Amino acid sequence: QVQLVESGGGLVQAGGSLRLSCAASGRIYSSHFMGWFRQAPGKEREFVAGIRWGVGNTYYRDSVKGRFTISRGKAENTVALQMNNLKPEDTGVYYCGLNRGGYSTMYSSYNEWGQGTQVTVSS
């Protein structure tokens, strides 16, 4: 099994930027799908962005499209989420997930999860 560790969260004012990283303890295979989810207090975990590892296809929820970019990280077996023009509604705990079954926006489909990193956007 692969262990995932997120980093890069923090406190930022609206309009600012953060770059999140997710490091996997093992290899991420071409057939796998890596996703970023977030969860605000009292709300369900929601899909933010994802990438089909092998071919690099990317997917975003409408509210972050044009502001967030998911990509492979600089190190092997890492995935990054560049977040620009952050808004208060982006606040939440951001989780990295691995889905061996391919593309999915449903959190229950994912096989592995990190512990999350807090992102707080102040107005």
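My aim in this report is to walk through the structure given alongside it, one point at a time. Position numbers for residues count from 1 along each chain, tracking the sequence in the order it is written. Totals for whole chains, interfaces and linings use all residues, but because this is a predicted model, local features are given only for residues with pLDDT of at least 70 and pairs of side-chain atoms are given and counted only at 80 or more. Based on all heavy atoms of the structure, the side-chain values leave hydrogens and waters out of the count.

### A closer look at the pairing of strand β3 (residues 18–24)
- Per-residue accessibility, obtained with a 1.4 Å probe over protein chains only, is compared with the maximum for each type, and a residue is labelled buried under 20%, exposed over 50%, and partly exposed between these values. Secondary structure follows DSSP: runs of H or I at least 4 residues long count as helices, runs of E at least 2 residues long count as strands, and numbering of each begins at the N terminus. What you see with β3 is a clean split: L18, L20, C22 and A24 sit on the buried side and R19, S21 and A23 on the side with no burial.
- Across six bridges, the pairing between β3 and strand β8 (residues 78–83) is antiparallel. When the sheet's bridge partners are listed, R19 is paired in β8 with Q82. Following DSSP output, two strands are said to pair if at least two bridges run between them.

### Concerning the sheet that holds β8
- Ordered by their spatial adjacency, four strands build an open sheet running β1-β3-β8-β7, and the pairing between neighbours is antiparallel. Whereas interior strands pair on both sides, the edge strands pair on one side only; in this sheet they are β1 (4–7) and β7 (68–72). Going from strand to strand, the sheet's axes swing by 15° on average, the running direction of each strand aside. All axes here are fitted lines through C-alpha atoms, helices being fitted over the stretch that makes contact, and every angle between N-to-C directions spans 0 to 180 degrees.

### A look at the nonpolar core
- Definition used in this section: a nonpolar core is a set of buried Ala, Val, Leu, Ile, Met, Phe, Trp, Tyr and Cys residues joined via side-chain atoms within 4.5 Å. Among the nonpolar cores identified, the biggest contains 26 residues, and M34, W36, V79, L81, M83 and Y94 are the most heavily contacted of them.
- Taken together, the elements giving at least two residues each to this core come down to β3, β4 (33–39), β5 (46–52), β7, β8, β9 (92–99) and β11 (117–122).
- It is β3 that provides the largest number of residues to this core, a total of four residues.
- Filtering out sequence-adjacent residues up to four positions away, V79 remains in contact with L20, S21, C22, M34, W36, I51, W53, I70, S71, R72, G73 and C96.
- Residues F33, F47, Y59 and Y110 belong to the second largest nonpolar core, which totals five residues. Residue contacts are defined here by distance: any two heavy atoms, one from each residue, within 4.5 Å place the two residues in contact.

By themselves, these observations are geometric and do not establish any function.
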